[in-house]
Amino acid sequence: MPRQAEGTLTAADESTTLVIPFVVPAGIRSFRLKFNYTPDHPEGAELRNQISASIYGPDGKTAEINRPDRWSDGVTVGPEPSGGVGAKIVSPGEWKLFISTHRVTSPDVHYTVDLEWHLPSDDVAPARVDITPLPDGWLRGDLHAHTWYSDGHWTTSALASFMFERGLDFSTLTDHNTIDGLPEFLSYDGTALTTLGGNEVSTFRGHMLALGVTDRLVDWRDPDGTLRPLPDIADEIHDAGGMAVICHPLSIGDPWCCGCRWEHEDMMPGNARAVEIWNGTWDDDKNGGGIKLWQTWLSEGHRLVATAGSDMHGPPQPAHLKRRAAHNVVYAIERGRDAVLKALKAGHSYVSAGPVCTLQAEENGQVWIMGDTVEASEPVTVTATWNGVPDGARLMLNVDGHPQPIPTSIQGVFETVLNPASFRWATLEVWDDEGALLVSNPIYGQR
Ligand SMILES: [Zn+2]
Ligand SMILES: [Zn+2]
């Protein structure tokens, strides 16, 4: 175990704190820190030496252990709770070990600090490395997942560490009809990973995320057991500062997955603010159909943010990791829960299985990005940029359901002119023979 620091403390150091900084590199899953001092109880002295240690992460205080035997064996800071230290998602950056000297009863005390890094397992790590870099201000993340607090198989910390190791900047816990896991999950929020929460309001005829509502359970039943109208539930979510997201509307329904298909006739899409067009790994019916349904709603004049959700319920099999899944890429400008939620509400986001993009309209120095309505009376220049588009994929600008092909390359720029008066919505999309790879939220026209 590599030595990080060593030194000597004397009576002159009593009632002082020695600060030992150390830098945690990006991508570390956990680390083990050993702190030892000797002698513990000097021969002939009535009292032992008394020295305590604490670890502070970039996000605040992390661990306080007063029993020297725990430190001498080493404490592990990481996603699994260990030896008196709670579960942590390890943020990269400057950490500090505080050594506080309460009492020195020997002429001097020799201390050592050893530190060892642990990387994510090979099954998960490559995704982090392969991922296409995002321009400044953009973050990628997941908006829908479960733990053992509902019907999942993993802990809140296993979920958070998995999403972090996959290279995501934010992760969301949305258990079915419970928020019991949220205090734990939200406590992992930090510079490594932003954690968001809510619950998946899971009814007999559809599922809806109460995204961002973390201070209460949004329930689908009244206290007497009667079912609440879904539009009322969506109103409650929006009044609480959240976002009602219709989940996997075209999931296979009863009797195979009871309640999974969206069948609330009073909310098609009604006052929903978003629809999860890509749920889990790619499926033509569920996700291809979900994209079509969303675009039908856009053409009817609804303004609906498209989202993706992993809907993961536990640690994936290696085969699962090879299947095509999407995350959300959000123009949050800065990190943090509020910034991510605000950008999502504005539709400043797209869903992607890998490629990255921008889409904007411009006229006379005014710029509108995806999610915005073009406020111009003259034709506007629409510019798309992209990166990480694989061979065999096809780019298109989809205007009101009419795809216009774009010459495709791994990376590139495309410019065209649209008259805001003549279109309702325009998205940037990337597809290949298997299905979608990227779907942006629309720039809205005025038609
Ligand atoms: Zn669901
Ligand atoms: Zn779910």
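Rules used in this analysis
Residues numbered from 1 in each chain as written. Chains lettered and ligands numbered in written order. Predicted model: local features only at pLDDT ≥ 70, side-chain atom pairs only at ≥ 80, totals over all residues. Helix = DSSP H or I, 4+ residues; strand = E, 2+ residues; numbered from the N terminus. Buried ≥ 20, exposed ≤ 12 C-beta atoms within 10 Å, placed from the backbone. Domains from an automatic or database assignment. Pairing = 2+ DSSP bridges. Core = buried A, V, L, I, M, F, W, Y, C linked by C-beta atoms within 7 Å. Contact = placed C-beta atoms within 7 Å. Axes fitted to C-alpha atoms, helices over the stretch in contact; angles between N-to-C directions. Arc of directions from axis to C-beta.

Q: Which parts of the structure should I look at to understand the overall build of the protein chain?
A: For the protein chain, the helix and strand inventory stands at 8 helices and 26 strands. Within the protein chain, the proportion of its 447 residues that are buried is 43%.

Q: Looking at this model, I keep getting lost on the domain arrangement of the protein chain. Mind explaining?
A: Reports of interface size often rely on the accessible area that becomes lost once the parts have come together. For the protein chain, the domain assignment lists domain 1 (3-118), domain 2 (125-354) and domain 3 (355-447). One C-alpha centre belongs to domain 1, the other to domain 3, and the line joining them spans 54 Å.

Q: Whenever I open this one, the pairing of strand β9 (residues 138-141) confuses me. Can you help?
A: Across a regular strand the side chains alternate sides, sitting on one face of the sheet and then on the other. Residues of β9 alternate between two faces, with W138 and R140 on one and L139 and G141 on the opposite face, all of them buried. Across 4 bridges, the pairing between β9 and strand β16 (residues 327-331) is antiparallel. Residue pairing for β16: R140 is matched across the bridge by V329.

Q: Help me out: how do you make sense of the nonpolar core in this one?
A: The tendency in soluble globular proteins is for nonpolar side chains to be buried as a group. In terms of nonpolar packing, the biggest core is built from 113 residues, with M208, V245, V275, V330, V340 and I443 touching the most fellow members. Per-element tally for this core: the top contributor is helix α3 (residues 156-165), with 5 residues. In this structure I443 touches L359, A361, W368, M370, D372, V374, V382 and A426, once residues within four positions along its chain are discounted.

Q: Which parts of the structure should I look at to understand the environment of F185?
A: Mapped onto the fold, F185 is located in helix α4 (residues 182-186). According to the C-beta neighbour criterion, F185 is buried, with 27 such atoms within 10 Å. C-alpha of F185 to C-alpha of A87: the two residues are 98 residues apart in sequence and 9.7 Å apart in space. Apart from the residues within four sequence positions on either side, F185 is in contact with T156, A160, L173, T195 and G197.

Q: I would appreciate a short explanation of α3 in the present structure.
A: Along an α-helix, residues three or four positions apart point the same way, because every turn accommodates 3.6 residues. Taken across its 10 residues, α3 has 9 buried, putting it largely inside the fold. Within the span of α3, buried status applies to T156, S157, L159, A160, S161, F162, M163, F164 and E165. Just past α3, the residue G167 takes up positive phi, approximately 95°.

Q: When you look at the sheet that holds strand β8 (residues 108-118) in this model, what are you seeing that I'm missing?
A: Backbone-to-backbone hydrogen bonds pair the strands of a sheet. The strands run either parallel or antiparallel. Spatial strand order, β1-β8-β3-β6: 4 strands in an open sheet with antiparallel pairing. The strands lining the two open edges of the sheet, one partner per strand, are β1 (3-10) and β6 (75-77). Geometrically, the sheet is characterised by an average inter-axis angle of 20° between neighbouring strands, direction not taken into account. Examined bridge by bridge, strand β3 (residues 30-38) and β8 share 9 bridges and lie antiparallel to one another. Residue pairing across strands places F35 opposite V113, the latter belonging to β8.

Q: Looking at this structure, how should I read the environment of A160?
A: Positionally, A160 belongs in helix α3. Residues A160 and A145 lie 15 residues apart in sequence; the distance between their C-alpha atoms is 9.9 Å. Setting aside residues up to four positions removed in sequence, A160 forms contacts with P79, I89, S171, F185, Y188, L193 and T195.

Q: Mind showing me how you'd approach helix α8 (residues 337-345) here?
A: Taken together, the buried positions of α8 are V340, L341, A343 and L344. The buried residues of α8 all sit within an arc of 165° when viewed along its axis, so they share a single face.

Q: Would you explain the pairing of strand β19 (residues 366-369) in this entry?
A: Here strand β18 (residues 356-363) runs beside β19; their pairing, made up of 4 bridges, is antiparallel. From the neighbouring strand, E363 faces β19, where its bridge partner is Q366. The antiparallel pairing of β18 with β19 creates a hairpin that spans 2 residues between the two strands, and N364 there sits at a positive phi of about 50°.

Q: Teacher, can you tell me more about the sheet that holds β18 here?
A: Read across the open sheet, the 4 strands follow the order β19-β18-β20-β23; overall the sheet is antiparallel. Edge positions in the sheet fall to β19 and β23 (412-418), since each of these pairs with one other strand and no more. Here the strands of the sheet are splayed against their neighbours by 25° on average, with no regard to which way each runs.

Q: Looking at this structure, I do not really get unusual backbone geometry. What am I missing?
A: In terms of backbone geometry, most residues other than glycine have negative phi values and most peptide bonds are trans. Between T38 and P39 the backbone carries a cis peptide bond, its omega angle lying at 5°. Along the polypeptide, P39 turns up in the loop between β3 and β4 (50-57). Following D254, the chain continues into P255 via a peptide bond in cis, with omega recorded as -5°. For P255, the location among the structural elements is in the loop between β13 (243-246) and β14 (274-279). Notably, H248 is not glycine yet its phi reads approximately 25°, a positive angle. Its place among the elements puts H248 in the loop between β13 and β14. Judged by C-beta crowding, with 27 C-beta atoms within 10 Å, H248 ranks as buried.

Q: Just to check I follow, could you spell out the environment of R221 for this structure?
A: Topologically, R221 is positioned in the loop between β12 (206-211) and α5 (230-239). The class of R221 is exposed, set by 12 C-beta atoms lying within 10 Å. Residues R221 and I233, 12 residues apart in the sequence, show an inter-C-alpha distance of 9.6 Å. With sequence-adjacent residues up to four places away left out, R221 is seen in contact with T226, L227 and R228.

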